[in-house]
Amino acid sequence: MKPFPLLVGGVVAGLIIVAGEAVLNLVVLADEWVNLFSRFSLPQPTPLVAAQGLLKLLLLGIFSVWLAATLKSAFPNPGRAGVISGLCVWF
């Protein structure tokens, strides 16, 4: 397992996760977030909170690619390793 392709794949996977979360939270659930923050009188998240979330999602992408690469040796079908890795990350 070479670290550079693993890292590049993990960052790409992390960016895909970030894009999905951005669409979900900024487009699909935007009104619900505004209602929630106003209902409980919560302050709006700062850019530091957004940066922490971005870092966590990038690390999640790196972890998921590493897990898939690790499981690939245990399963003869690489697609099955990817599905199991995705389910582990999802749960």
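Residues numbered from 1 in each chain as written. Predicted model: local features only at pLDDT ≥ 70, side-chain atom pairs only at ≥ 80, totals over all residues. Heavy atoms only, no water.

## Topic: the overall build of the chain
Across its full length, the chain carries four helices and zero strands. Relative to the globule expectation of 12 Å for 91 residues, the C-alpha radius of gyration of the chain, 17 Å, shows a markedly less compact shape. The C-alpha extent of the chain, read off along each of the three principal axes, is 50 × 25 × 20 Å. Expressed as a percentage of its 91 residues, the buried residues of the chain come to 13%. A separation of at least 24 residues holds for 64% of the contacts in the chain among residues at least 6 apart in sequence. Element-wise, carbon and sulfur atoms account for 75% of the exposed surface of the chain, whose accessible area totals about 6900 Å². (Helix = DSSP H or I, 4+ residues; strand = E, 2+ residues; numbered from the N terminus. Rg over C-alpha atoms; globule rule 2.2 N^0.38 Å. Buried < 20%, exposed > 50% of the residue type's maximum accessible area, 1.4 Å probe, protein only. Contact = heavy atoms within 4.5 Å. Areas by Shrake-Rupley, 256 points an atom, 1.4 Å probe, with all protein chains shown as cover.)

## Observations regarding unusual backbone geometry
Note: most peptide bonds trans; most residues except glycine with negative phi. With a phi close to 55°, Ser41 is a non-glycine residue in the positive phi region. Looking at the secondary structure, you find Ser41 in the loop between α2 (30-39) and α3 (47-72).

## Considering the packing of aromatic side chains
Under the defined criterion, the tally for this structure stands at three aromatic pairs. Relative to Phe37, the ring of Trp33 has its centre 6.0 Å away and its plane inclined at 40°; by these criteria the two rings are tilted. Taken together, the residues span about one helical turn, with Trp33 and Phe37 both in helix α2 at a distance of four residues. (Phe/Tyr/Trp six-rings, centres within 6.5 Å; stacked < 30°, edge-to-face > 60°.)

## A short note on the packing of helix α1 (residues 3-28) against α3
Packing of α1 against α3 leaves a shortest axis separation of 7 Å and a crossing angle of 130°. Our classification of the angle between α1 and α3 gives oblique. Note on packing geometry: the crossing formed by α1 with α3 is right-handed. Contacts between α1 and α3 involve Leu6, Leu7, Gly9, Gly10, Val11, Ala13, Gly14, Leu15, Ile17, Val18 and Glu21 on the former and, on the latter, Leu54, Leu57, Leu58, Leu60, Gly61, Ile62, Ser64, Val65, Trp66 and Ala69. A per-class count over the contact of α1 with α3 returns 15 nonpolar, five polar and one charged. (Axes fitted to C-alpha atoms, helices over the stretch in contact; angles between N-to-C directions. Parallel < 35°, antiparallel > 145°, perpendicular 65-115°, else oblique. Left-handed = near helix turned anticlockwise from the far one by under 90°. Nonpolar A, V, L, I, M, F, W, Y, C, P; charged D, E, K, R; others polar.)

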